[in-house]
Amino acid sequence: MRNLGRGSNSLMSAETMRLSVSICCGIIFGLFIGISFPTSSLTKLNITASIVSNFPIARDRNNIVSAQKHADSSSNTMDISNQNATGQLQIWVQSNPRGAERLPPGIVNSESDFYPRRLWGKPSEDLPSKPKYLVTFTVGLNQKHNIDAAVKKFSDEFTILLFHYDGKTTEWDEFEWSKRAIHVSVQKQTKWWYAKRFLHPDIVAPYDYIFIWDEDLGVEHFDAKEYIRLVKKHGLEISQPGLDPRKGTTWQMTKRRGDHEVHTITEEKPGWCSSPLLPPCAAFVEIMAPVFSRDAWRCVWHMIQNDLVHGWGLDFALRRCVEPAHEKIGVVDAQWIVHHGVPSLGNQGQSKDGKAPWQGVRERCRKEWTMFQSRVANAEKAYFKSKGIDPSNLTSH
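Since we're looking at a predicted model, the values are computed, not measured.

**Comments concerning the overall build of the chain**
When helices and strands are counted, the chain shows 11 helices and 11 strands. Classification of the 397 residues of the chain by burial places 38% in the buried group. Partitioning the contacts of the chain with sequence separation of at least 6, the portion at a separation of at least 24 is 67%. Accessible area for the chain stands at about 23500 Å²; split by element, carbon and sulfur atoms hold 54% of it.

Put into structure tokens, the structure is as follows:
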């Protein structure tokens with residue numbers, strides 16, 4: 001009996017030892033797995049527990065390393081974030097347009113146009129041809145016959161867009177072209193108010209050139225197709241037709257020269273130009289009939305101030321959007337127009353303190369010019385200061 005007891009105790013000691021060794025091995029193995037395969041890497045790579053549980057550890061480890069290498073090589077394109085509330089993988093693409101980061105790039109369509117489309121048939125067959133240019137007029141009904149004459153100078157290669165400041169649109173249906181035109185109507189607003197809100201660069205991106213014209217222009221000596229040819233020939237990014245010098249023009253730069261196709265530099269009155277290559281001696285067109293290339297307009301649109309609706313002072317700042325401005329901003333003399341100077345929009349103002357409506361509008365124009373100049377100057381100073389540069393030490397810019 002004594003020997004059996006001693007044997008039994010030895011057997012129990014051996015079993016206890018083996019159990020202890022097994023537990024220790026299990027703990028060590030668990031620690032090894034935990035260190036080799038941290039859960040943080042799963043979170044970082046956005047692999048959910050449900051996916052991991054369906055695959056062997058070793059296979060997952062290889063997949064994770066491969067995925068990490070791929071993510072590192074394309075870090076500037078697409079990131080996949082954690083699952084959302086419905087258990088689907090989310091997308092985040094930093095290079096997408098602002099607000100569209102959650103969309104896969106292949107579905108993002110950031111540009112639009114003014115091409116009317118059918119309500120039936122195949123979308124791919126909607127447009128037998130696409131206009132390459134856009135012309136806009138800000139109009140009132142009183143100038144409809146002048147606009148009719150102007151529109152007829154533009155071929156089917158142009159989309160016609162009318163901004164109606166008097167709220168009258170159906171009255172234009174007497175013209176066949178008006179039924180194909182785009183009409184936007186908000187009462188008592190200027191063309192720059194309209195341009196800021198309806199001519200975003202991503203909306204007009206399909207058009208090579210954008211004409212933003214007043215309603216009181218005589219176009220007897222103007223041909224749009226030939227104008228485009230000359231603009232391309234001379235590499236003008238911002239331009240305007242020459243103005244008939246007999247009609248009281250203000251600036252020498254915009255007067256038509258009979259012996260030129262195009263000019264980009266002029267001489268002004270003494271003291272008017274701080275440099276022969278700066279406005280109004282060069283790099284200058286007026287705001288009554290400007291024409292912008294697609295790229296130039298993208299810059300100019302961002303410079304237009306949302307609350308300054310008359311555009312005064314903008315003509316002196318257009319040079320900031322092209323380089324060299326004294327070569328890429330110019331006047332097309334061979335295609336010229338007449339500015340009749342009809343103060344139709346001025347009469348849309350309001351009488352106040354005994355002043356006529358047009359007087360209040362003119363005062364607002366002058367105030368906006370001063371405000372715009374101040375904003376441009378302050379923005380420029382702030383930029384150079386942020387770069388550690390003293391603007392006073394620079395030449396004119």
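**As for unusual backbone geometry**
Cis geometry is found at the peptide bond from P279 to P280, where omega equals 0 degrees. Counting through the fold element by element, P280 comes out in the loop between β9 (262–263) and β10 (291–293). Of note, K188 is a non-glycine position whose phi angle comes to about 55 degrees, a positive value. Locating K188 in the fold gives a position in the loop between β5 (182–185) and α6 (191–198).

**Remarks on the confidence of the model for the chain**
Put simply, the chain has an average pLDDT of 84, and 78% of its residues get 70 or more. Scored below 50 in pLDDT, residues 1–12 shows zero contacts in the model against residues more than four places distant or in partner chains.

**Some words on the pairing of strand β6 (residues 209–213)**
For β6, the buried fraction is high: five of the five residues fall into the buried class. Residues of β6 alternate between two faces, with Y209, F211 and W213 on one and I210 and I212 on the opposite face, all of them buried. Of the strand pairs in this sheet, strand β3 (residues 133–139) and β6 are connected by five bridges, and their pairing is parallel. Looking across to β6, one finds that F137 is bridged to W213. When β6 meets β10, the two strands line up antiparallel, connected through three bridges. Across the sheet, residue Y209 finds its bridge partner in β10, namely S293.

**Here we look at the pattern of salt bridges**
This model, assessed by the stated rule, comprises 16 salt bridges. Between K152 and D148 there is a salt bridge, with the nearest N and O atoms lying 3.2 Å from each other. By relative accessible area, D148 is classed as buried at 11%. A salt bridge links E363 to K355; the nearest nitrogen and oxygen atoms lie 2.5 Å apart. Among the residues examined, K355 registers a relative accessible area of 34% and is labelled partly exposed. Salt bridges linked by common partners bring R117, R118 and D126 together as one network.

**Here's the deal with the nonpolar core**
Counting 42 residues, the largest nonpolar core has W192, L199, I238 and W297 as the members making the most contacts within it. Setting aside anything within four residues of it in sequence, one finds I238 in contact with V285, V291, F292, A296, V300, L318, V322, K328, I329 and G330. Among the nonpolar cores identified, the runner-up in size contains 35 residues, and V139, A181, L243 and V262 belong to it.

**Details of the side chain of E215**
For E215, the position within the fold is in the loop between β6 and β7 (217–218). Among buried charged residues, E215 stands out as having no salt bridge; its nearest opposite-charge side chain is K191, 11 Å away. In terms of polar contacts, E215 uses its side chain to reach the backbone amide nitrogen of G140, at 2.9 Å. Non-local contacts of E215, meaning those with residues more than four positions away in its chain, are made with T138, V139, G140, Q143, N146, I147, Y165 and S344.

**Some words on the packing of aromatic side chains**
Taken as a whole and assessed by the stated rule, the structure comprises 30 aromatic pairs. Consider the rings of Y133 and F158, whose centres lie 5.0 Å apart with planes at 40 degrees: the pair is tilted. Of this pair, Y133 sits in strand β3 while F158 sits in strand β4 (residues 158–164), placing them 25 residues apart in sequence. This pair shows no difference in class: Y133 is buried, exactly as F158 is. Arranged with centres 6.2 Å apart and planes meeting at 40 degrees, the rings of Y194 and F198 form a pair that is tilted.

The rules we used
- Residues numbered from 1 in each chain as written.
- Predicted model: local features only at pLDDT ≥ 70, side-chain atom pairs only at ≥ 80, totals over all residues.
- Heavy atoms only, no water.
- Helix = DSSP H or I, 4+ residues; strand = E, 2+ residues; numbered from the N terminus.
- Buried < 20%, exposed > 50% of the residue type's maximum accessible area, 1.4 Å probe, protein only.
- Contact = heavy atoms within 4.5 Å.
- Areas by Shrake-Rupley, 256 points an atom, 1.4 Å probe, with all protein chains shown as cover.
- pLDDT = per-residue confidence, 0-100.
- Pairing = 2+ DSSP bridges.
- Salt bridge = Lys/Arg side-chain N within 4 Å of Asp/Glu carboxyl O.
- Core = buried A, V, L, I, M, F, W, Y, C linked by side-chain atoms within 4.5 Å.
- Lys, Arg positive; Asp, Glu negative; His and termini not counted.
- Polar contact = N/O pair within 3.5 Å; in protein donor to acceptor, adjacent residues only side chain to side chain.
- Phe/Tyr/Trp six-rings, centres within 6.5 Å; stacked < 30°, edge-to-face > 60°.

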